[in-house]
Amino acid sequence: MERRVFITLIGCFLFTLLYWKFFPPRGGNVEPGPQGPPAAVQPDAGGAPPAQGAIEGAGGPPPLTGSFPQSEAGEIAIAPFESDDLLVEFTNLGAAVSQVYLKKYYVDSAARGARLDDREHWVSLFPAAASSYGNALTLRELTAQSAARYHLERVHWEVEKDETGPEGRRLLRFAYRSRDGLEFVKEIECLPAEHFLRVRVGVRALDEQQAGVIKEFLLRAAGGFRDLERGWFTLAPEGVAMLVNQYDEPTVRRFDAEKLEGSPESIAAQGSSAVAWGGCCNLYFTALLAPDQRGVATAVDLRSRREEEPEAIQAELVVPLPVARGGELTMVGFRYYVGPKDQDLLGRQGLTAFQQLIEEDYGSWTSFRWINKVLLAVMRFFFGFTGNWGVAIILLTLLVRICIFPITRTQQVSMQRYAQKMQVLKPKLDALKEKFKDKPQKFAQEQMKLLKEHNAKPPVLGCLSTLVTFPVFIGMFQILRTAIELRQAAFVGWIDDLSLPDSMFAIPGIGHAFNLLPILATAAFVTQMALAPRAADPQAQQQQKIMLIMPIVFGVMFYGYAAGLSLYMLTSSLYGIFEYKFIRQRFFPAPAPVAAAAATQQAAGGKR
């Protein structure tokens, strides 16, 4: 048996190498590109229209036509807003947020371990685009760029107010006055205790001829969104939107960059429904923009920006703005969240509507969502007193196996009894097979009759323990690509991120990392299955050989997945081996051979 296990492991490893060669995984972590504000198009001295640029969607700025109005002010240095959690950089180009850094999250586990507290190592989610598409909270007209009059996202706005009040409250007020008598105003408010920005936008008529109309604009949640964690099983960045009906029942729509390429999506509120929020997200982070009141936004516009950065997505809310009369200004408000997909944080910040996005990541209630939540809660409990997420996964695995021990014990005893009875009956079965070798149907009938006489029934609980643990396996799979707590969570030694493969070293000549944990998990899985009682029936023996392939398939499939899943599989298999070797044989010995019982039954039959 040991020789077969060794050959199986060698074959598994060779097959994995071939699999890498022909089906290489996606790239590793993406380092943030150079930061910097995009360039604005300045008017010439004579007021003539600037030169034509590339059209929107072709990788460059939109064309500038007609009497394009420009602010005479240039780039203004605006001090960033900084709290314990965020560093927000602003620009007066489009009166926008140019970048947001998450100070408690790092681009890689090495920076986290070294506590490199600077913006080069903090997570930044917006790509450093060469145009204003990289900015957030820009306002632009809902019209074709060739027909646009104001190009609000590409002009320098005036900073009317930049003040810091009590408790570190920061208020920025931008204004832009067009040549046809409109004034656009945007306010961005930050509080150190809040993980989101408050945004207000409005427009008023300085010329009465412009008053009394409603103009539709697009307020941008993100001009692109980085894919920070890349691997075989990670989720690509998505554009997301949520609508709610009159009963506040949510419907979440999600589109990745591939679906949006060449086919932008507009998720519009219809009938009694309303836009709750829209934005972008990747595996662990999100940028969401939500109106303060129902009906403020009428749709969410999602489109791909892959020409600027692979898998980048632009998300904007369609916002109708009434042009007030008599110089009055009516502003509409929004909450803008850029940060981790952390349900507890969102709950503390009062952003409960955003929690639905994370609920969707855990699956539907009809599948495994409730199981995933229970598993994560138990892992958090174990982490609370161990301080190590790897140890928490091990303890969770042991807890699950102990809980299903009655099932596995019943299964083992049933299989052992059946194997013993089949061993006793093997001579009679061989005799029947020889007697009816040319009559397979008759042999099957006589075989069933013999098994029934000796009460030799196949175990009915053979797969029950597997069926019980399968939802736990799926739950661990989803948790490891959803729970922000497990991102860059170290275990021991070289395993510094349980949400990524445990890369020990690069394999010479191949270029891919050598991951030890999935190989150990496969070896333990094969050993556990090899310890099962050998079936007496040739057909059952063939099935056992086929089942030995399953660990190899799992090893290849999940070789490039999170180390936490391999740790769960390894712990579960090692516990299964321990359970078989020690608990079953020492503490719960299997029933004695049934040969004597069979002889007694035959003697009793002879007396009758």
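Position numbers for residues start from 1 in each chain and track the written sequence from start to end. pLDDT decides what is reported in this predicted model: residues at 70 or higher carry local features, side-chain atom pairs at 80 or more are listed and counted, and totals for whole chains, interfaces and linings draw on all residues regardless. With hydrogens and water excluded, all non-hydrogen atoms of the structure serve as input to the side-chain values.

Caption draft 1: Focus on the overall build of the chain. Within the chain one finds 15 helices and 20 strands. The buried label applies to any residue whose accessible area, calculated with a 1.4 Å probe on protein chains only, is under 20% of its type's maximum; exposed applies above 50%, and partly exposed to all values in between. Across the 608 residues in the chain, those meeting the buried criterion constitute 49%. Any two residues whose heavy atoms approach within 4.5 Å are treated as being in contact. For the chain, contacts bridging at least 24 residues in sequence account for 67% of all contacts bridging at least 6. Per-residue accessibility takes into account occlusion by the displayed protein chains alone, with areas from the Shrake-Rupley method and a 1.4 Å probe. On the chain, roughly 28,400 Å² of surface is accessible, and the fraction owed to carbon and sulfur atoms is 58%. For helices the rule is a DSSP run of H or I covering at least 4 residues; for strands it is a run of E covering at least 2, with both sets numbered from the N terminus onward.

Caption draft 2: A look at the environment of Glu485. Of note, Glu485 is situated in the loop between helix H10 (464-479) and strand S19 (503-506). With 109 residues separating them in the primary sequence, Glu485 and Leu376 have C-alpha atoms 9.7 Å apart. With residues near it in sequence (within four places) discarded, Glu485 still touches Arg380 and Trp389. Definition of a polar contact: a pair of N or O atoms within 3.5 Å, with one able to donate and the other able to accept a hydrogen when the atoms are protein atoms, and with sequence-neighbouring residues admitted only if both atoms are side-chain atoms. Of note is the side chain of Glu485, whose polar atom sits 2.4 Å from the side chain of Arg380.

Caption draft 3: Looking closely at the packing of helix H6 (residues 369-386) against helix H7 (residues 389-403). Lines fitted to C-alpha atoms define the axes, with helix axes restricted to the stretch in contact, and inter-axis angles between N-to-C directions lie between 0 and 180 degrees. Between H6 and H7, the shortest axis-to-axis distance is 8 Å and the interhelical angle comes to 125°. One finds that H6 runs oblique with respect to H7. For the pair H6 and H7, the sense of crossing is right-handed. Across the interface between the two elements, Leu375, Val378, Met379, Arg380, Phe382, Phe383, Phe385 and Thr386 from H6 touch Trp389, Val391, Ala392, Ile393, Leu395, Leu396 and Leu399 from H7. The cut-offs work like this: below 35 degrees is roughly parallel, past 145 is roughly antiparallel, 65 to 115 is roughly perpendicular, and the gaps in between are oblique. Less than a right angle of anticlockwise turn of the near helix away from the far helix marks a crossing as left-handed, whereas a clockwise turn marks it as right-handed.

Caption draft 4: The arrangement of the pattern of salt bridges in detail. Throughout this description, the term salt bridge denotes a Lys or Arg side-chain nitrogen within 4 Å of a carboxyl oxygen of Asp or Glu. Under the definition given, this model contains 28 salt bridges. Put simply, Arg173 and Glu187 hold a salt bridge, and the shortest N to O gap is 2.3 Å. Of the two residues, Arg173 sits in strand S7 (residues 170-177) while Glu187 sits in strand S8 (residues 182-190), which places them 14 residues apart along the sequence. Look at Arg173 and you get buried, because its relative accessible area is 15%. The class of Glu187 is buried, set by a relative accessible area of 10%. Here Arg254 and Asp361 are joined by a salt bridge, their closest N and O atoms 2.8 Å apart.

Caption draft 5: The arrangement of the side chain of Asp497 in detail. In this fold, Asp497 is placed in the loop between H10 and S19. Although Asp497 is buried, it forms no salt bridge, and the closest oppositely charged side chain is Arg487 at an N-O distance of 6.3 Å. Here Gln488 takes part through its backbone nitrogen, which lies 2.8 Å from a polar atom of the side chain of Asp497. Polar contacts involving the side chain of Asp497 include one to the side chain of Ser499, which spans 2.6 Å. Not counting residues up to four positions away in its chain, the partners in contact with Asp497 are Leu486, Arg487, Gln488, Ala489, Ala490 and Ala563. By the counting scheme adopted, Arg and Lys are positive, Glu and Asp are negative, and His together with the chain ends is not counted.

Caption draft 6: View of H6. The span expected for a helix works out to 1.5 Å for each residue beyond the first. With 18 residues, H6 ought to run about 26 Å at 1.5 Å a step, and its terminal C-alpha atoms sit 26 Å apart, in line with that. Every buried residue of H6 is accounted for by Arg369, Ile371, Asn372, Leu375, Leu376, Met379 and Phe382. End-on, the buried residues of H6 take up no more than an arc of 150°, which puts them together on one face. Residues of H6 that are exposed and point over 90 degrees away from its buried face: Phe381, Gly384 and Phe385. Positioned one or two residues after H6, Gly387 has a phi angle of 70°, which is positive. Directions are taken from the helix axis to each C-beta atom, and the arc is the one they span.

Caption draft 7: Representation of the nonpolar core within the structure. Think of a nonpolar core as a cluster: buried Ala, Val, Leu, Ile, Met, Phe, Trp, Tyr and Cys residues, connected wherever their side-chain atoms sit within 4.5 Å. In this structure, Phe126, Phe334 and Tyr336 are the most contacted members of the largest nonpolar core, which totals 66 residues. Considering each element in turn, this core owes the most residues, 6 residues, to strand S17 (residues 313-324). Among the nonpolar cores identified, the runner-up in size contains 54 residues, and Leu346, Leu396, Leu480 and Tyr561 belong to it.

Caption draft 8: Layout of unusual backbone geometry. In this structure, Asp248 is a non-glycine residue whose phi angle is positive, near 60°. Considering the arrangement of structural elements, one finds Asp248 in the loop between strand S11 (238-244) and strand S12 (250-256). The class of Asp248 is exposed, set by a relative accessible area of 54%. We note that Gln488 has phi near 60°; this positive angle belongs to a residue other than glycine. Along the chain, Gln488 turns up in the loop between H10 and S19.

Caption draft 9: Representation of the packing of aromatic side chains in the model. Only Phe, Tyr and Trp rings are paired, with Trp represented by its six-membered ring, and only when their centres lie within 6.5 Å; those with planes under 30 degrees apart are stacked, over 60 edge-to-face, the remainder tilted. Under the definition given, this model contains 12 aromatic pairs. Seen in terms of ring centroids, Phe184 and Phe217 are 5.7 Å apart; in terms of plane orientation they differ by 80°. Their pairing is edge-to-face. Of this pair, Phe184 sits in strand S8 while Phe217 is found in strand S10 (residues 214-222), placing the two residues 33 residues apart along the sequence. Considered together, Phe184 and Phe217 belong to a single accessibility category, that of buried residues. An angle of 10° between the planes, with centres 4.3 Å apart, marks the rings of Phe383 and Trp389 as stacked. Distance and angle both matter: a charge sits over a ring if NZ of Lys or CZ of Arg is within 6 Å of the ring centre and within 35 degrees of the ring normal. Directly above the aromatic system of Trp157 lies the positively charged group of Lys186, at a separation of 5.2 Å from the ring centroid.

Caption draft 10: Spotlight on H7. An ideal rise of 1.5 Å per residue puts 21 Å on 15 residues; H7 measures up with 21 Å between its terminal C-alpha atoms. Burial in H7 covers these residues: Trp389, Gly390, Ala392, Ile393, Leu396, Thr397, Val400 and Arg401. Capping the start of H7, Asn388 holds a side-chain oxygen 2.8 Å from the backbone nitrogen of Gly390, two or three residues further along.

Caption draft 11: Examining the confidence of the model for the chain more closely. When the pLDDT values of the chain are averaged, the result is 76; 73% of them are 70 or greater. In predicted models, pLDDT denotes the confidence assigned by the predictor to each residue on a 0 to 100 scale. In the model, residues 19-72 has pLDDT below 50 throughout and makes 128 contacts with residues more than four positions away in sequence or in other chains. Below pLDDT 50 for its whole length, residues 590-608 participates in 16 contacts with residues either more than four positions away or in separate chains.

Caption draft 12: Layout of the pairing of strand S2 (residues 86-91). Most of S2 sits out of view: 6 of its 6 residues are buried. Alternating residues of S2 divide into Leu86, Val88 and Phe90 and Leu87, Glu89 and Thr91, and every residue in both groups is buried. Where strand S1 (residues 81-82) and S2 come together, 2 bridges link them in antiparallel fashion. For Phe81, the partnering residue across the bridge sits in S2 and is Val88. Any two strands with at least two DSSP-identified bridges between them are counted as paired. Linking two consecutive strands that pair antiparallel, namely S1 and S2, is a turn of 3 residues. Of the strand pairs in this sheet, S2 and strand S3 (residues 96-106) are connected by 6 bridges, and their pairing is antiparallel. Along S3, the bridge assignment pairs Glu89 with Gln99. Adjacent in sequence and paired antiparallel, S2 and S3 are bridged by 4 residues, among which Gly94 carries a positive phi angle near 80°.

Caption draft 13: Here's a closer look at the packing of helix H11 (residues 516-530) against helix H13 (residues 549-557). With their axes 9 Å apart at the nearest point, H11 and H13 run at an angle of 165° to one another. One element, H11, and the other, H13, form an angle in the roughly antiparallel class. Along this stretch, H11 crosses H13, giving a crossing that reads as right-handed. Packed against H11, whose contacting residues are Thr522, Phe525, Val526 and Met529, the element H13 presents Met550, Pro551, Ile552 and Gly555 at the interface.

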